[in-house]
Amino acid sequence: MSGQVIKVKRHEKLGVLERLYVPMIVQGLAVTAGHFFRNLRGFITGKNRTDFVVQYPDERIDYPDAFRGMPVLVQLDNGQPRCVACGLCEFACPTDCISIVPGEIEGARIERYPEAFNIDMSRCMFCGLCEEACPEEAIVMSREFEISSYDRRTLNYDKERLLVPETLLKRRLEFLRGEYDRVHAGGERRS
Ligand code: SF4
Ligand code: SF4
């Protein structure tokens, strides 16, 4: 079962009926009642159920590719983060929940790396600005969102907790390349 994106038309100018207020309430109730009875009929007969209820957490839907869960760091095959500790995501983050300590490996092809990379998930609002700002596809929005906790201190994710193998993030990376028409880190352009 996959999620569906619905585009809502918004009219800036209200018509006469909208300004009268009551007809629109009646219209709203009619829509709600229509859904209720259609769903009830589907529930009783087991046929033509156009509306559905997800029995979360036993049942889950496949979220659209644009879905944004918590941000994670892309981990390369050699176990290292793809991040080069440029700090752009830290700068772009509106809630100041990213903190990076850059390090350098002398003589390496890519010298900079994050010695420490922390995200305070109790402040993160899953906006995705860090992902947009990153020039390296090193931080992406995952599909994970079940991170609630009774102790805020456990929501301060360090680099080790943030790293996710690139292969598991393939779907998001492909989506981003299509969305922003980006050139792949390896030089390929996504078709
Ligand atoms: S998703 Fe938004 S709030 Fe969360 S770390 Fe990224 S930029 Fe900051
Ligand atoms: S995740 Fe991206 S934007 Fe953030 S420091 Fe690393 S390379 Fe720079």
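Look up: the structure comes first, before these words.
All of these numbers come straight from a predicted model, not from anything done at the bench.

S.K.: What am I meant to see in the site of ligand 2 here?
M.R.: Around ligand 2 sit 13 residues, and of these Cys-83, Cys-86, Cys-89, Cys-134 and Ile-139 come closest. Partitioned by chemical class, the residues of the shell around ligand 2 number 11 nonpolar, 1 polar and 1 charged.

S.K.: Help me out: how do you make sense of the site of ligand 1 in this one?
M.R.: Lining the immediate surroundings of ligand 1 are 15 residues, of which Cys-93, Cys-124, Cys-127, Leu-129 and Cys-130 lie closest. Residue composition of the shell around ligand 1, by class: 13 nonpolar, 2 polar and no charged.

S.K.: Got a minute to help me understand the sheet that holds strand β6 (residues 163–165) in this structure?
M.R.: Picture the strands of a sheet paired through backbone hydrogen bonds; they go either parallel or antiparallel. Read across the sheet, 3 strands follow the order β4-β1-β6 without closing on themselves; strand pairing throughout is mixed. The open sheet has two edge strands with one neighbour each: β4 (139–141) and β6. Strand after strand, the sheet turns through a mean of 50 degrees between neighbouring axes, direction not considered. In this structure, strand β1 (residues 71–75) lies alongside β6, joined through 3 bridges in parallel fashion. Opposite Gln-75, over in β6, you have Pro-165 as the bridge partner.

About the criteria used
Residues numbered from 1 in each chain as written. Chains lettered and ligands numbered in written order. Predicted model: local features only at pLDDT ≥ 70, side-chain atom pairs only at ≥ 80, totals over all residues. Near = placed C-beta within 6 Å. Nonpolar A, V, L, I, M, F, W, Y, C, P; charged D, E, K, R; others polar. Pairing = 2+ DSSP bridges. Helix = DSSP H or I, 4+ residues; strand = E, 2+ residues; numbered from the N terminus. Axes fitted to C-alpha atoms, helices over the stretch in contact; angles between N-to-C directions.

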